[in-house]
Amino acid sequence: MSATDQPGASGSTAARTSATAFAPASVGNVAIGFDILGFSIDALGDRATVRRSEHSGVTITAIRGVVQDLPFDAARNTAGRALMAMQEALGPEVGFELQLDKGIPLASGLGGSAASAVAAVVAANALLPEPRTQLELLKYAMQGEAVASGSVHVDNIAASLYGGLVLTVGIDHPRVKQI
């Protein structure tokens, strides 16, 4: 999964005002790896554009694509909640505006909630003067996934974030291994 600058953004990370990231679809619960083993599918995914905001918190300004009737309330949206977790860790002086382009249908079994959360935190990470590690991004995205599933698990999140076939063990201190 990758982040790109938006047209007109400066080359310096500190000067960027927006970034877009694509996160691939994923399949979790692979074979006997229930909630620990997943793989990504690059053929489709979700795209998030994040802009820095002068206001603290997270605001969702648009939801487009194959699914449009998702909550605009950040606390009830997987991408919004993932950004909220990131913003809470960074401090109140950081705010984000999110536009989400859904490429994964709801209830398709392709990790649409995970992809939205991952795309959002990767795009936001591209705006930070000191980007966070992949493991930190994983933890933020896990908080978003909990909105959709009711619990924190990492199989789809890790596959979407790291790519390929991924084994992840642990919740509080996850260990991730690309296979």
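None of these values were measured; they are calculated from a predicted model. (Residues numbered from 1 in each chain as written. Predicted model: local features only at pLDDT ≥ 70, side-chain atom pairs only at ≥ 80, totals over all residues. Heavy atoms only, no water.)

Student: Honestly, the overall build of the protein chain in this entry has me stumped. Any pointers?
Tutor: A tally of regular secondary structure across the protein chain gives four helices and seven strands. Counted from the first residue to the last, the protein chain has its helices and strands arranged as β-β-β-β-α-β-α-α-α-β-β. The C-alpha radius of gyration computed for the protein chain amounts to 15 Å, which stays within 12% of the reference 16 Å derived for 179 residues, consistent with globular compactness. Taking the principal axes of the C-alpha coordinates as reference, the protein chain spans close to 45 × 30 × 25 Å. The buried share of the protein chain, reckoned over its 179 residues, is 49%. Considering only intrachain contacts with a sequence separation of at least 6, the fraction spanning at least 24 residues in the protein chain is 64%. As presented, the protein chain carries roughly 8100 Å² of accessible surface, and 54% of it is formed by carbon and sulfur atoms. (Helix = DSSP H or I, 4+ residues; strand = E, 2+ residues; numbered from the N terminus. Rg over C-alpha atoms; globule rule 2.2 N^0.38 Å. Buried < 20%, exposed > 50% of the residue type's maximum accessible area, 1.4 Å probe, protein only. Contact = heavy atoms within 4.5 Å. Areas by Shrake-Rupley, 256 points an atom, 1.4 Å probe, with all protein chains shown as cover.)

Student: Any chance you could explain unusual backbone geometry here in plain terms?
Tutor: Backbone phi values are negative for most residues with the exception of glycine, while trans is the configuration of most peptide bonds. Positioned with a positive phi, A107 is a non-glycine residue whose angle comes to about 55°. Within the secondary structure layout, A107 lies in the loop between β5 (95-102) and α2 (112-125).

Student: How should I be thinking about the pattern of salt bridges in this particular structure?
Tutor: A side chain with one charge can pair with a side chain of the opposite charge if their charged atoms come near. Counted by the stated rule, this structure contains three salt bridges. For D46, the salt bridge goes to K102, with nearest N and O atoms at 2.4 Å. Here D46 is found in strand β3 (residues 37-53), whereas its partner K102 is found in strand β5, with 56 residues between them in sequence. D46 sits in the buried class, given a relative accessible area of 0%. Between E88 and R81 there is a salt bridge whose closest N-O contact spans 3.6 Å. (Salt bridge = Lys/Arg side-chain N within 4 Å of Asp/Glu carboxyl O.)

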